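Report on the structure
Here is how the chains run, residue by residue.
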Amino acid sequence: MTPTARLSEHAVFRELPFCGVLLDTRTFRVYKLSQRAAAALRTATCGPSEGNPYGHVLGSAEGVADPELAAHLVARFAALGLVRET
């Protein structure tokens, strides 16, 4: 599976140990994502080869990200101009 979306130039996504954060630098809005949603967005933007950067800290095996959730997040953030579908 290849990445299905790219972050816009004004969007910054960081995955933290217990959540994900998407920042819109134009409006300075912050969108907090659950671990599951952050994994889905990471998979949609980076591809499945990128693992959770904090997986070794959390000690949990990471499952496959939900493709339906990824599609929903891409559509939602594309409507806000934060993500572009490829």
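Above: the structure in question.
This text gives an overview of the structure that appears in the document. All values derive from a computational prediction rather than experimental measurement.

Conventions we followed
- Residues numbered from 1 in each chain as written.
- Predicted model: local features only at pLDDT ≥ 70, side-chain atom pairs only at ≥ 80, totals over all residues.
- Heavy atoms only, no water.
- Helix = DSSP H or I, 4+ residues; strand = E, 2+ residues; numbered from the N terminus.
- Buried < 20%, exposed > 50% of the residue type's maximum accessible area, 1.4 Å probe, protein only.
- Contact = heavy atoms within 4.5 Å.
- Salt bridge = Lys/Arg side-chain N within 4 Å of Asp/Glu carboxyl O.
- Pairing = 2+ DSSP bridges.
- Polar contact = N/O pair within 3.5 Å; in protein donor to acceptor, adjacent residues only side chain to side chain.
- Phe/Tyr/Trp six-rings, centres within 6.5 Å; stacked < 30°, edge-to-face > 60°.

Observations concerning the overall build of the protein chain
- The helix and strand inventory of the protein chain stands at 3 helices and 5 strands.
- Along the chain direction, N to C, the helices and strands of the protein chain fall in the order β-β-β-β-α-α-α-β.
- In the protein chain, which comprises 86 residues, the share counted as buried stands at 35%.
- Long-range pairs, those at least 24 residues apart, make up 56% of the contacts in the protein chain with a sequence separation of at least 6.

Section: the pattern of salt bridges
- Under the counting rule described, the total for this entry stands at 4 salt bridges.
- Across the salt bridge formed by Arg-42 and Glu-15, the nearest N and O atoms sit 2.5 Å from each other. With Arg-42 in helix α1 (residues 35–46) and Glu-15 in strand β2 (residues 11–15), the pair connects residues that are 27 residues apart, well separated along the chain. Neither residue differs from the other here; Arg-42 and Glu-15 are each classed as buried.
- With a closest N to O distance of 3.0 Å, Arg-36 and Asp-66 form a salt bridge. Residue Arg-36 is located in helix α1, and its partner Asp-66 is located in the loop between α2 (55–58) and α3 (67–79); the two are separated by 30 residues in the primary sequence.

Things to note about the environment of Arg-14
- Mapped onto the secondary structure, Arg-14 falls in strand β2.
- Its relative accessible area of 53% is what places Arg-14 among the exposed residues.
- Once the C-alpha coordinates of Arg-14 and Arg-42 are considered, the two residues, 28 residues apart in sequence, prove to be 9.1 Å apart.

Some points on the pairing of β2
- Side chains Ala-11, Phe-13 and Glu-15 of β2 all project onto a buried face; the interleaved residues Val-12 and Arg-14 project onto a face where none is buried.
- With antiparallel pairing between neighbouring strands as the criterion, β2 and strand β3 (residues 20–24) make up a hairpin whose turn holds 4 residues.

A word on the side chain of His-10
- Of note, His-10 is situated in the loop between β1 (5–7) and β2.
- His-10 gets classed as buried once you look at its relative accessible area, which sits at 11%.
- Within polar-contact distance, the side chain of His-10 engages the side chain of Asp-24 at 3.2 Å.
- Residue contacts for His-10: discarding those within four places in its chain leaves Leu-23, Asp-24, Thr-25, Arg-26, Gly-81 and Leu-82.

Quick word on the packing of aromatic side chains
- Going through the model one piece at a time under the given rule, you end up with 1 aromatic pair.
- With 5.6 Å between their ring centres and 65° between their planes, Tyr-31 and Phe-77 make a pair best called edge-to-face. Within this pair, whereas Tyr-31 is found in strand β4 (residues 29–33), its partner Phe-77 is found in helix α3, the two being separated by 46 residues in sequence. The same class applies to Tyr-31 and to Phe-77, which are both buried.

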